[in-house]
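Residue-level structure breakdown
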Amino acid sequence: RGPPAPAAGVATLAIDEATMKKAAQIPVVSPDVYEWGPDGVHKGDPVWDIITLLAKKDAAAEPLLSSYMYMSVLSHDTLEQALSFVLANRLADSTLLPTQLMEIFNSVLFAADVDGVFVRDAIRKDIKAIYQRDPACFSYVHALLYLKGFHALQAHRIQHALWKRGQRLLALTMQARISTVFAMDLHPAARLGKGILIDHGTGVVIGETAVVGDNVSILQGVTLGGTGKDVGDRHPKIGKGVLIGAHSTILGNITVGKGAMIAAGSLVLKPVAPHTMVAGAPARAVGQARAPAPAIEMSQEILDVKVGAESDRGGPTERFLSFRGDLSNRDLEEAMRVEAERKEREKDERLSIWDAEECLDSSVKDLEECVEARAKGAKKGKKMRTMQADVEDLPDDVDWYI
């Protein structure tokens, strides 16, 4: 039946066959080497070339979005211009107009200073990180236009540059807008590296003195917070390649070593060694991360399955049973059976406990009745060890009895 007719009033883009063929054959991963012009503006940008080609392809495939693609992407000459336009329209309100915000954003994105060069390089590494690590992101255009984790991260990079310039009131204004629009609270003073993925993003909180290294992945609901009311350096320091699972909380001026992994829902209060996986509340080490950089692989697995591991901290024996994603049902059943047998052995080894002094004063008949009552109260199938001793023969020292 042919392609649908364009809607009235909607502009369409004429795309030649050669451009469409080139767009279909673009590489999945763009080169890592970029060249900068003398004015600090990126020249010959492979990431931007890919974005424009894909935007043309998307506009042709969905005519109703052709005007949106043109205004957001194709009408601009650089990635910085397109990003400034997208962020300004996302963060604008009745008092902060898009044109005002674009002027503010461009003052950072096109700056020829060190901060400007850092931000421009970080933008490209962030886009690549999202595409490579998030299977739900199907193109660079998707990340640029639709993913709020990426939008909030780039808005933070701009507000951080403003904070460093001394424009703190403006930076705090942007923080408030980011919190309102994206449901993420990122303090302008927080220092974030390059190649960062904030997946989904809702509920992410990063405090004032927090530091996040390169190639870190942060899932929704993560908090990098402080403790108490003391000022100064009070927030976590996250190393390179760290994966922080959903709804994890890391509190205090502690270090999470490079390549570490924080399991979902963990409460981390103490430093984490490099390449270590921690889990629980409070979090404790449960093994070594399976990948050297879990954030890049998005691998939430530990190296080995351990059953019955003794705790190095003493006290009650701590054990965990790790179910890796590649285990078959038979492997899982076997691991569960081994764990169940271990628990049963613990029950068998546990001595019956009652008041020794009362037993010393009781008769043999009372002692037998006590044992019988405890046996009847136990659940079916539970084994119990009872003491077979004559009260008259009990030694003075009864520590062994308890």
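1. Here's the deal with the overall build of the protein
Of the regular secondary structure elements, the protein holds 13 helices and 17 strands. The burial tally for the protein puts 43% of its 402 residues in the buried class. Of the contacts made within the protein by residues no fewer than 6 positions apart, 48% connect residues no fewer than 24 positions apart. Total accessible area computed for the protein in this model is approximately 21,500 Å², and 54% of it derives from carbon and sulfur atoms.

2. So, the packing of aromatic side chains
Within this structure, the stated rule accounts for two aromatic pairs. Look at tyrosine 68 and tyrosine 146: their rings are 6.4 Å apart centre to centre, the planes differ by 20°, and that puts the pair in the stacked class. Highlighted residues: tyrosine 68 in helix α3 (residues 66–74) and tyrosine 146 in helix α7 (residues 140–146), separated in sequence by 78 residues. Exposure remark for tyrosine 68: the relative accessible area of 34% places this residue in the partly exposed category. Tyrosine 146 gets classed as partly exposed once you look at its relative accessible area, which sits at 38%. Ring geometry for tyrosine 131 versus tyrosine 140: centroids 5.4 Å apart, planes at 85°, classification edge-to-face. Accessibility expressed as a relative area gives 3% for tyrosine 140, which makes it buried.

3. Considering the pattern of salt bridges
Considering all chains together, one arrives at nine salt bridges under this definition. Aspartate 115 is the salt-bridge partner of lysine 164, the closest N and O atoms lying 3.0 Å from each other. Of the two residues, lysine 164 is situated in helix α8 (residues 148–165) and aspartate 115 in helix α6 (residues 114–133); the sequence distance between them amounts to 49 residues. Classification of lysine 164 as exposed rests on a relative accessible area of 52%. By relative accessible area, which is 21% here, aspartate 115 ends up partly exposed. Close ionic contact of lysine 125 with aspartate 121 constitutes a salt bridge, the shortest N to O distance being 3.0 Å. Here lysine 125 and its partner aspartate 121 are both found in helix α6, four residues apart, which amounts to about one turn of the helix.

4. Comments concerning the nonpolar core
Residues Ile51 and Phe105 are the most contacted members of the largest nonpolar core, which totals 74 residues. Ranked by residues supplied to this core, first place goes to α8 with eight residues. In contact with isoleucine 51, other than residues within four places in its own chain, are Val73, Leu79, Ile127, Tyr140, Val141 and Leu144. Ranked by size, the runner-up nonpolar core spans nine residues in total, among them Met261, Ala263, Met277 and Ala295.

5. Focus: the sheet that holds strand β7 (residues 211–212)
Strand-to-strand pairing in sheets goes through backbone hydrogen bonds, with the strands running parallel or antiparallel. Taken in spatial order, the four strands of this open sheet run β4-β7-β10-β13, and their pairing is parallel. Looking along the sheet, the strands with just one partner apiece sit at the ends: β4 (191–192) and β13 (255–256).

6. Considerations on the side chain of histidine 142
The residue histidine 142 is located in helix α7 in this model. You can call histidine 142 buried: its relative accessible area is 12%. The contacts of histidine 142, once residues within four sequence positions are left out, are Ala136, Cys137 and Leu147.

7. Comments concerning helix α2 (residues 46–61)
Look at α2: 23 Å from first C-alpha to last across 16 residues, which is about the 22 Å you get at 1.5 Å a residue. Among all positions in α2, only Pro46, Val47, Trp48, Ile50, Ile51, Thr52, Leu53, Leu54, Ala55 and Ala59 are buried. Regarding α2, its N-cap is aspartate 45, as a side-chain oxygen of that residue lies 3.0 Å from the backbone nitrogen of valine 47 further along.

8. Remarks on the confidence of the model for the protein
Overall, the prediction assigns the protein a mean pLDDT of 78, with 66% of residues at 70 or greater. In this model, residues 22–34 is a region of pLDDT below 50 whose contacts with residues beyond four sequence positions or in other chains number 28 contacts. Note on residues 379–402: pLDDT under 50 across the span, and 37 contacts to partners over four residues away in sequence or across chains.

9. A look at the pairing of strand β16 (residues 276–280)
Direction of pairing for strand β14 (residues 261–262) relative to β16: parallel, over a ladder of two bridges. When the bridges of β16 are listed, isoleucine 262 appears paired with valine 278. The antiparallel hairpin formed by β16 and strand β17 (residues 283–288) contains two residues in its connecting segment.

10. Some details on unusual backbone geometry
Look at the link from alanine 281 to proline 282: it is a cis peptide, with omega at 0°. Here proline 282 shows up in the loop between β16 and β17. Positive phi, normally seen in glycine, also occurs at histidine 200, with a value near 70°. Turning to its location among the elements, histidine 200 is positioned in the loop between β5 (197–198) and β6 (205–206). Notably, asparagine 215 is not glycine yet its phi reads approximately 55°, a positive angle. Structurally, the position occupied by asparagine 215 is in the loop between β7 and β8 (217–218).

Analysis parameters
Residues numbered from 1 in each chain as written. Predicted model: local features only at pLDDT ≥ 70, side-chain atom pairs only at ≥ 80, totals over all residues. Heavy atoms only, no water. Helix = DSSP H or I, 4+ residues; strand = E, 2+ residues; numbered from the N terminus. Buried < 20%, exposed > 50% of the residue type's maximum accessible area, 1.4 Å probe, protein only. Contact = heavy atoms within 4.5 Å. Areas by Shrake-Rupley, 256 points an atom, 1.4 Å probe, with all protein chains shown as cover. Phe/Tyr/Trp six-rings, centres within 6.5 Å; stacked < 30°, edge-to-face > 60°. Salt bridge = Lys/Arg side-chain N within 4 Å of Asp/Glu carboxyl O. Core = buried A, V, L, I, M, F, W, Y, C linked by side-chain atoms within 4.5 Å. Pairing = 2+ DSSP bridges. Expected span 1.5 Å × (residues − 1). Polar contact = N/O pair within 3.5 Å; in protein donor to acceptor, adjacent residues only side chain to side chain. pLDDT = per-residue confidence, 0-100.

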